[in-house]
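Chain residues, written in single-letter form:
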Amino acid sequence: MPGSTYKYATTITLCNETGELELYEDGGGAVMIFKFTGQKFTDNDGKLTAAFVAKFRKSVKAIFGNSYEETYGKDEDELWGAYEYYEYRPYSASYPFIRIDFPFADDLIWISFEYEK
């Protein structure tokens, strides 16, 4: 993440899938990123990723309801290629926000939680 300072990392299990949780400081905020690692999260046909993204979207909507706006998009990274994302932001502010990127890099899925300090 450009301009960020890596702070902490640990291995963690989320929804029975193992990945890495990292914490960065980025200007006036902080970012937690959960990465499903390709070595531990195998999804040869894309069905597991699709099912996880659907469950994640349902969970975010259940927790935040109408106070967060969902945005879907596609993007491309120079190093990692094309990917899709869902992003959730409060209607009245830019922070905090939640974003799920998939498939992203060799990690397959990134879930980012960005918030102000």
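Scroll up to find the structure.
This write-up is about the structure you can find in this document. (Residues numbered from 1 in each chain as written. Predicted model: local features only at pLDDT ≥ 70, side-chain atom pairs only at ≥ 80, totals over all residues. Heavy atoms only, no water.)

### Description of the overall build of the protein
Heads up, the rule is: Runs of E in the DSSP output that reach at least two residues are strands. Runs of H or I that reach at least four are helices, and both are numbered from the N terminus. In this scheme, a residue with accessible area under 20% of its type's maximum is buried, one over 50% is exposed, and one in between is partly exposed, where area comes from a 1.4 Å probe on protein chains only. Contacts are residue-level and defined by heavy atoms, with any inter-residue pair within 4.5 Å sufficient. Computed with a 1.4 Å probe, the accessible areas rest on the Shrake-Rupley method; for each residue, only the protein chains presented here act as cover.
The helix and strand tally for the protein stands at 1 helix and 7 strands. Of the regular secondary structure in the protein, the N- to C-terminal order runs β-β-β-α-β-β-β-β. Evaluated residue by residue, the protein yields a buried proportion of 36% over its 117 residues. Counting contacts in the protein only where the partners sit at least 6 residues apart, residues at least 24 apart contribute 33% of the total. Total accessible area computed for the protein in this model is approximately 7,300 Å², and 50% of it derives from carbon and sulfur atoms.

### Things to note about helix 1 (residues 47-64)
Which entries qualify depends on this criterion: Multiply 1.5 Å by the residue count of a helix minus one, and that product is the helix's expected span.
Between its first and last C-alpha atoms helix 1 spans 26 Å; for 18 residues at 1.5 Å apiece the expected length is 26 Å, and the two agree. Immediately beyond the C-terminal end of helix 1, within one or two residues, lies Gly65, with a positive phi of roughly 55°.

### A short note on the nonpolar core
Threshold: By convention a nonpolar core is built from buried Ala, Val, Leu, Ile, Met, Phe, Trp, Tyr and Cys residues, the set being connected through side-chain atoms within 4.5 Å.
With 14 residues, the main nonpolar core has Phe52, Phe56, Tyr88, Ile100, Ile109 and Ile111 as its most contacted residues. Looking at this core, the elements with two or more residues in it are strand 3 (29-36), helix 1, strand 5 (81-90), strand 6 (97-104) and strand 7 (108-116). No other element matches the 4 residues that helix 1 contributes to this core. Not counting residues up to four positions away in its chain, the partners in contact with Phe56 are Tyr88, Ile98, Ile100 and Ile111. In terms of nonpolar packing, the next biggest core, distinct from the first, is built from 7 residues, Tyr24, Tyr83, Tyr85 and Phe104 among them.

### Brief notes about the pattern of salt bridges
Heads up, the rule is: When a carboxyl oxygen of Asp or Glu is within 4 Å of a side-chain nitrogen of Lys or Arg, the pair counts as a salt bridge.
For the structure on display, the rule yields 5 salt bridges. Among the salt bridges present, the one from Arg57 reaches Glu70, with a minimum N-O distance of 2.9 Å. In this pair, Arg57 sits in helix 1 while Glu70 sits in strand 4 (residues 68-77), placing the two residues 13 residues apart along the sequence. Arg57 sits in the partly exposed class, given a relative accessible area of 22%.

### With respect to the environment of Leu21
Inspection of the secondary structure assignment puts Leu21 in strand 2 (residues 17-26). Note: C-alpha distance between Leu21 and Phe36 (15 residues apart in sequence) is 9.0 Å.

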